[in-house]
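# Tertiary structure, described
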Amino acid sequence: MRVVLAGGGTTGHISPMLATAEALRELEPGIELTCVGTQAGLETTVVPEAGYELRLVDPVPLPREFSGALVTLPFRIAKAVSQAKAILRETAADAVVGFGGYASLPVVLAAWRMKIPCVVHEANAVPGLANRIAAQFAAVVCVTFANTGLPNQIVTGMPVHQEVAHLDRAEVRTQSRRSFGLDEDAKVLLVSGGSQGARRLNEAITGALEPLSDAGISVLHVTGKKNFEESVPDSPPPTYHRVPYVEHMETAYAAADLMLARSGAATVTEVALIGLPAIFVPLPHGNGEQAKNAAGVVEAGGGILIADCDLDKTRLVEEVVRLFDDESTLEAMSSAAKDVMPADSAQLVAQYTLNSARGSYAAD
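In this convention, every chain numbers its residues from 1, walking through the sequence in written order. The predicted origin of the model limits local features to residues at a pLDDT of at least 70 and limits the giving and counting of side-chain atom pairs to 80 or more, whereas totals for whole chains, interfaces and linings rest on all residues. To obtain the side-chain values, all non-hydrogen atoms of the structure were included, while hydrogens and water were left out.

## Topic: the nonpolar core
Nonpolar core, defined: a set of buried Ala, Val, Leu, Ile, Met, Phe, Trp, Tyr and Cys residues in which side-chain atoms within 4.5 Å join the residues together. We call a residue buried when its accessible area falls under 20% of the maximum for its residue type, exposed when it is over 50%, and partly exposed in between, using a 1.4 Å probe and counting protein chains only. Membership of the largest hydrophobic core comes to 39 residues, with the highest contact counts inside it found for Leu-190, Tyr-253 and Met-259. For this core, the secondary structure elements donating two or more residues are helix H6 (162-165), strand S8 (187-192), strand S9 (217-222), helix H9 (249-255), strand S11 (258-261), helix H10 (265-274), strand S12 (278-280) and helix H11 (289-300). If one sorts the elements of this core by residue count, H10 sits on top with seven residues. When near neighbours in sequence (up to four residues on either side) are disregarded, Met-259 contacts Leu-189, Leu-190, Ser-192, Met-249, Tyr-253, Thr-267, Val-271, Leu-276, Pro-277, Ala-278 and Ile-279. Residues Val-57, Leu-62, Ala-134 and Ala-138 belong to the second largest nonpolar core, which totals 31 residues. Helix and strand assignments follow DSSP, with helices taken as H or I runs no shorter than four residues and strands as E runs no shorter than two, numbered in order from the N terminus. The contact criterion used throughout is that any non-hydrogen atoms of two residues lie within 4.5 Å.

## A closer look at the layout of surface pockets
The definitions used throughout rest on a 1 Å grid laid over the protein atoms alone, on which a cavity is an enclosed set of points accommodating a 1.4 Å probe that cannot get out and a pocket is an open set flanked by protein within 12 Å on both sides along at least five of seven lines; lining residues are those having an atom within 4 Å of a point. Grid points are joined across faces, edges and corners, and a volume is the space filled by probe spheres set on the points. Size it by volume and the second largest pocket reaches roughly 290 Å³. Taken together, 15 residues make up the lining of the second largest pocket; nearest its centre are Arg-173, Asp-257, Glu-327, Leu-330 and Glu-331. Residue assignment for the lining of the second largest pocket shows that the elements contributing at least two residues are helix H7 (169-180) and helix H13 (327-338). Sort the elements by how many residues they give to the lining of the second largest pocket and H13 lands first, with four residues. Gly is put with the polar residues, along with every residue not named as nonpolar or charged; the nonpolar set is Ala, Val, Leu, Ile, Met, Phe, Trp, Tyr, Cys and Pro, and the charged set is Asp, Glu, Lys and Arg. Per-class residue counts for the lining of the second largest pocket are four nonpolar, two polar and nine charged.

## Quick look at the sheet that holds S9
With respect to topology, six strands assemble into an open sheet ordered S10-S9-S8-S11-S12-S13, the strand pairing being parallel. Both edges of this open sheet fall to strand S10 (240-243) and strand S13 (303-305), since each of them pairs with a single strand only. Pairs of neighbouring strands in the sheet enclose a mean axial angle of 15°, with direction left out of account. By the bridge criterion, three bridges tie S11 to S12 in an arrangement that is parallel. Bridge pairing in S12 links Met-259 to Ala-278. Contacting S12 and S13, H11 runs over the sheet at an angle of about 125° to S13. Here a strand pair is declared whenever DSSP counts at least two bridges between the two strands. The convention used is that axes are lines fitted to C-alpha atoms, helices contributing only their stretch in contact, and that angles between N-to-C directions extend from 0 to 180 degrees.

## Quick word on the sheet that holds strand S5 (residues 118-122)
The parallel open sheet is built from seven strands, whose spatial order is S3-S2-S1-S4-S5-S6-S7. For this open sheet the edge positions go to strand S3 (53-56) and strand S7 (153-155), each flanked by a neighbour on one side alone. Pairs of neighbouring strands in the sheet enclose a mean axial angle of 25°, with direction left out of account. As paired strands, strand S2 (residues 32-37) and S3 are joined by four bridges and run parallel to one another.

The values are spatial; any link to function lies outside them.
This is how it looks when you write it as structure tokens:
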């Protein structure tokens, strides 16, 4: 069995791709996997480090309004599809899985033209333009959220790595806190804006450090690599612990009692699966997908939503202190979040992929 997985750009596409690759290896020992991305994305380092072969096609951004780029779009797509066809021929692919991003659409189109069955996975509640197109050519369309609205969609949830999907926070809490230099008995707030960081969150938490410290709350702040040098507070309290990036986020999740985060699909899924209560601050740009990503967890009682424009140090301190002062509320939020997301999403997407390669389009 040979499968090509296409996606990249950000961890929002790469993480479910690699989680599905893990599940494919578990379900089909001896399977040959090839990932396809572009030179412009994080996949150029992340995918090889994970032990998978990476092939590249030219990136094809899809313009959302009329511009000069729209005129050349057909030619750029044609070139990328030609590159993808060559990869599919060389790998003798039995099936393709597309996860969105600049590399995904050309590979899906190439697979469709070559009559290779294709599965598409959409991470966000509001699908990206590439996946809205790709879904028209897919044998199976998997989505994370029920309100995504793609044709013939099947709700599988978001594929996440097994280390996260089956994380027991209580079991590894002490070890995780020691690894970050946190007090083992502290109340810990984890702050992260995702792999790229979020300046708004960084600014809010920097201003809130003193009152949070006075309330006995420690902060583990994952700034994002590009924001690490910019977000240096003056005379931070000893309860503040700052890192640019965490390779294994499950360690940071286990160390925390509460999280302040953007609501990318991967973050929403992961914190829900492990029952980590969260304050979500959706990115105000794009198609509004981040607010919709968090909606299910918030409605279930597993998280709180604060609009980006409403987040400042005063509101942040107010919400965080209120939650830490009411342990029963945090426990209820944790329990509610766990009921929202399925833990076997990677296995479901992998099984649909294997079945599609064999001519069946139902999961076992």
